[in-house]
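Residue strings, one per chain:
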Amino acid sequence: MNIPSHCPDPIDLEACFDHSLPEAELAPIRRHVDRCPDCTASLESLRRLEQVCRALAPAEADAQLEERILARWTSVSASPPPTLRSRRLWRVAAAAAVIVAVAMAWILWPDGGPAKPSLIRGQGAQGPLAQEKVEPGDPSPNTPIQEPLEEAVPLSPRERAKALLVAYTADEDVDAFWNRFVDVASEEGSPLRVLKDLAAEEGPAGENALRVFSEREPLQAGRVLQRAFESAHHRPLALELCTVLDPARARKLIAHALTLPELQEDAIRQAGILADAHLLPDLAEVALERPELGDVIRQALQSIPGRESLELIVELHRQGATNGLPALFARGAEANDLLRDRVEPGSLSQASLELELLARLGDRGVVPLLKGRLRRGQLPLSERELIGSALARVGGFEAARTLVELVRSDAPGGSISLREEWLREFDADEAAGLIAQASASANPFERSALLEMAARIGGEAVVGELSELALGRDRRLTALAIRALGLVDHSSALVPLASLLTVPREDVRSAAIRAIGRLGDSAGAALLVERLRRENRGLRAELVDALAALPDDAVALPALIRALGFRDVAARAHQYLQERTGQALPARPRAWESWLQDRTEAGSAPAVKETPDQK
């Protein structure tokens, strides 16, 4: 056995352990042990061995073991049995010899010590212990002893502190928990130091250590959380806690986390909680790289105050990285002010997105702005269409009225008409407001435009209000209301018009005839044909004109052929028939009826043969 020359002899180390040498001789050995890891480990092994021996040597077993050892050595030695005093001395000496032998084997064994069963039971050893007979009731030599050893060794203060942290829950009183933790961790040293060390470990104990430290020492938690962020396991929790406790440090951690794909979503949420505008460029970069995180980024931007975040929301919406409408809705008037500022100067075509967003936000403050742009004149058709779409989306009476002004105004770049998709944005209440405004207006052009807009919005309520106006005393307003009834896309509009055909006033009947022609359905055509027999010669011409205005040939052609039977309007009806069909037939109803029947059976207009009259 080779013992390093610079280390103390194992016997001296044992003396250092049990203080069996004078203090003057122990001092240099202790100084050496403090500097030598090997000797420190050897002393620690002796301490553990002492615990093991104490755990394995209960008082009841000592007497039996003593009797067996004394009996064995009595049979070997010729000397007389020892007295009681010498027996006690021998027992102490034997126990010391066992401890020293085991300690020396533990210290000097190349692999850190022999197998424990061979030390305890003497397996493979030479001497009387190798011949020991197992007495009844003694443990078997082959019985494993590792489990009793592990149960006998108590937990260290650090391990007990760790077990406390594993059991800690967020709803537990942190002050009560801290008192228990201090009682345990104080045996190891400073409780805060133990807590810091455990916070560096992975698993539930480390996470709860971070939570407890943040609660107990919020001023010092920033550095601990930054160190915890270096561990991939603790990064999300470190971000969350640091955002609340140390915003300046959290901003740096979040900026770094935004560059790590696996942490970007957590970092975006914490950026929204931190609400720091310095993180906007980093958020914009992530939004463009990962559009699938658009909703998370939008929620974060919604929480960051300031004009810069609003501008970023608009730009990301423009590029399709996120839907900015919910965030803009949440910012209310602040968002409306920004968008109006970007719409007012320059070309509307360049600010078309801002104008669309304003309209979708329902900002009625944009209506005066658009009305002012209209009155400047000289707007290209593309900008006029943008204004029309925006007004329709904003809705409301003022928007509807401005839309009427847009349609009625003259435009050098081309005229614009009401579109069905615009009209669908308005409801009956707005139409009623337009009708009321028309009733109060003295401008005939404005009246006509407002009533036309209301009629195009349509609905049964609109029909009723226009019918009341049609029966009023103001003849100009009456004519405009009847005309508007002809623009209503609703079957109920034919009922008041049919009743107006019977009123004594000829101007009312004339307006009703034209309105029914604009409705263009078969029921209205039958009413007009029936009125041919009852109306005077002046209104018959208007009836033929109304029949010719019917858009559907299947309705208009039979009605015009019926009109050929009235001499005073036959020529007028014949002319309309030839213009509409391109056929040169005589002005006789039967010839046109035969042609129409052949056309219907063939599915197209047949070739017309010359008649004797034509020759």
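J.: What's the story with the overall build of the chain in this structure? I'm lost.
T.: What the chain contains, in helices and strands, is 36 helices and 0 strands. The contacts of the chain with a sequence gap of at least 6 include a subset with a gap of at least 24, amounting to 59%. Carbon and sulfur atoms make up 52% of the accessible area of the chain, which totals about 33,600 Å².

J.: I keep staring at helix 27 (residues 444-457) and nothing clicks. Help me out?
T.: Residues lying three or four places apart along an α-helix face the same way, a consequence of the helix completing one turn every 3.6 residues. When the terminal C-alpha atoms of helix 27 are compared, their 20 Å separation across 14 residues agrees well with the 20 Å that a helix rising 1.5 Å per residue should span. The buried count for helix 27 comes to 10 of 14 residues, which makes it a mostly enclosed element. Here helix 27 has its buried residues at Arg447, Ser448, Ala449, Leu450, Leu451, Glu452, Met453, Ala454, Ala455 and Ile457. Among the structural elements, helix 24 (397-408), helix 25 (420-423), helix 26 (428-440), helix 28 (460-470) and helix 29 (475-485) are those in contact with the buried residues of helix 27.

J.: Would you explain helix 16 (residues 280-289) in this entry?
T.: Where helix 16 is concerned, the buried positions are Leu280, Leu283, Ala284, Val286 and Ala287. The buried residues of helix 16 occupy an angular sector of 165 degrees when the element is viewed end-on, so they sit on one face. Summarising the geometry of helix 16, the exposed residues directed more than 90 degrees from the buried face are Pro281 and Glu289. Turning to helix 16, the residues buried within the fold contact helix 15 (264-274), helix 17 (294-303) and helix 18 (307-318).

J.: Please explain the packing of aromatic side chains as it appears in this structure.
T.: We describe a pair of aromatic rings using the distance from one ring centre to the other and the angle between the two ring planes. Per the counting criterion, the structure on display carries 4 aromatic pairs. Aromatic pair tryptophan 592 and tryptophan 595: ring centres 5.6 Å apart, planes at 80 degrees, arrangement edge-to-face. Here tryptophan 592 and its partner tryptophan 595 are both found in helix 36 (residues 589-602), 3 residues apart, which amounts to about one turn of the helix. The same class applies to tryptophan 592 as to tryptophan 595, namely buried. Here the aromatic cluster, defined as three or more aromatic residues joined through ring pairs, consists of Tyr168, Phe177, Trp178 and Phe181. Directly above the ring of phenylalanine 229 sits arginine 235, whose terminal nitrogen or CZ lies 5.3 Å from the centroid.

J.: What am I meant to see in the packing of helix 33 (residues 537-548) against helix 34 (residues 553-563) here?
T.: In a pair of packed helices, the angle between the axes and the distance between the axes together describe the arrangement. Between helix 33 and helix 34, whose axes approach to 9 Å, the crossing angle comes to 155 degrees. In this view, helix 33 runs roughly antiparallel relative to helix 34, as classed from their interaxial angle. For the pair helix 33 and helix 34, the sense of crossing is left-handed. Contacts between helix 33 and helix 34 pair Val544, Leu547 and Ala548 from the former with Ala556, Ala559, Leu560 and Ala563 from the latter. Classifying every residue of the contact of helix 33 with helix 34 by side-chain character gives 7 nonpolar, no polar and no charged.

J.: What is the right way to read the confidence of the model for the chain from this model?
T.: Caution applies to low-pLDDT regions: their predicted coordinates should not be interpreted in detail. The pLDDT averaged across the chain works out to 78; a share of 78% of its residues lies at or above 70. pLDDT under 50 marks residues 75-150. Its contacts with residues more than four places away, or in other chains, come to 57 contacts.

J.: Could you clarify how one ought to interpret the side chain of threonine 322 in this entry?
T.: If you trace the backbone, threonine 322 turns up in the loop between helix 18 and helix 19 (325-331). Among the polar contacts made by the side chain of threonine 322, one reaches the main-chain carbonyl oxygen of glycine 294 at a distance of 2.9 Å. Beyond its immediate stretch of four places on either side in the chain, threonine 322 contacts Gly294, Asp295, Arg298, Leu316 and His317.

J.: Could you clarify how one ought to interpret the nonpolar core in this entry?
T.: In a soluble, globular protein the nonpolar side chains are often hidden away together inside. With 154 residues, the main nonpolar core has Phe181 and Met453 as its most contacted residues. Setting aside anything within four residues of it in sequence, one finds phenylalanine 181 in contact with Ala161, Leu164, Leu165, Pro191, Val194, Leu195 and Leu198. In this structure, Cys7, Ile29, Cys39 and Leu43 belong to the second largest nonpolar core, which totals 10 residues.

J.: For this particular structure, what's the right way to read unusual backbone geometry?
T.: Most peptide bonds take the trans form, and the phi angle of most residues other than glycine is negative. A positive phi angle, near 55 degrees, is found at alanine 275, a position not held by glycine. Turning to its location among the elements, alanine 275 is positioned in the loop between helix 15 and helix 16.

J.: Teacher, can you tell me more about the side chain of arginine 540 here?
T.: Following the sequence through the fold, arginine 540 ends up in helix 33. With residues near it in sequence (within four places) discarded, arginine 540 still touches Leu532, Arg533, Glu535, Asp568 and Val569.

J.: Hey, could you run me through the environment of glutamate 405 in this one?
T.: Relative to the assigned elements, glutamate 405 resides in helix 24. Glutamate 405 has contacts with Lys371 and Arg375, leaving out every residue within four places of it along the chain.

J.: Honestly, the pattern of salt bridges in this entry has me stumped. Any pointers?
T.: A pair can form between side chains of opposite charge whenever their charged atoms are brought close. Taken as a whole and assessed by the stated rule, the structure comprises 35 salt bridges. The partner of aspartate 568 in a salt bridge is arginine 540, with the nearest N and O atoms 3.0 Å apart. Taken together, the positions of aspartate 568 in helix 35 (residues 567-581) and arginine 540 in helix 33 put the pair 28 residues apart, joining distant regions of the chain. By relative accessible area, aspartate 568 is classed as partly exposed at 31%. Here the salt bridges do not stand alone but share partners, grouping Glu315, Arg318, Arg342 and Glu354 into one network.

Analysis parameters
Residues numbered from 1 in each chain as written. Predicted model: local features only at pLDDT ≥ 70, side-chain atom pairs only at ≥ 80, totals over all residues. Heavy atoms only, no water. Helix = DSSP H or I, 4+ residues; strand = E, 2+ residues; numbered from the N terminus. Contact = heavy atoms within 4.5 Å. Areas by Shrake-Rupley, 256 points an atom, 1.4 Å probe, with all protein chains shown as cover. Expected span 1.5 Å × (residues − 1). Buried < 20%, exposed > 50% of the residue type's maximum accessible area, 1.4 Å probe, protein only. Arc of directions from axis to C-beta. Phe/Tyr/Trp six-rings, centres within 6.5 Å; stacked < 30°, edge-to-face > 60°. Lys NZ or Arg CZ within 6 Å of the ring centre and 35° of its normal. Axes fitted to C-alpha atoms, helices over the stretch in contact; angles between N-to-C directions. Parallel < 35°, antiparallel > 145°, perpendicular 65-115°, else oblique. Left-handed = near helix turned anticlockwise from the far one by under 90°. Nonpolar A, V, L, I, M, F, W, Y, C, P; charged D, E, K, R; others polar. pLDDT = per-residue confidence, 0-100. Polar contact = N/O pair within 3.5 Å; in protein donor to acceptor, adjacent residues only side chain to side chain. Core = buried A, V, L, I, M, F, W, Y, C linked by side-chain atoms within 4.5 Å. Salt bridge = Lys/Arg side-chain N within 4 Å of Asp/Glu carboxyl O.

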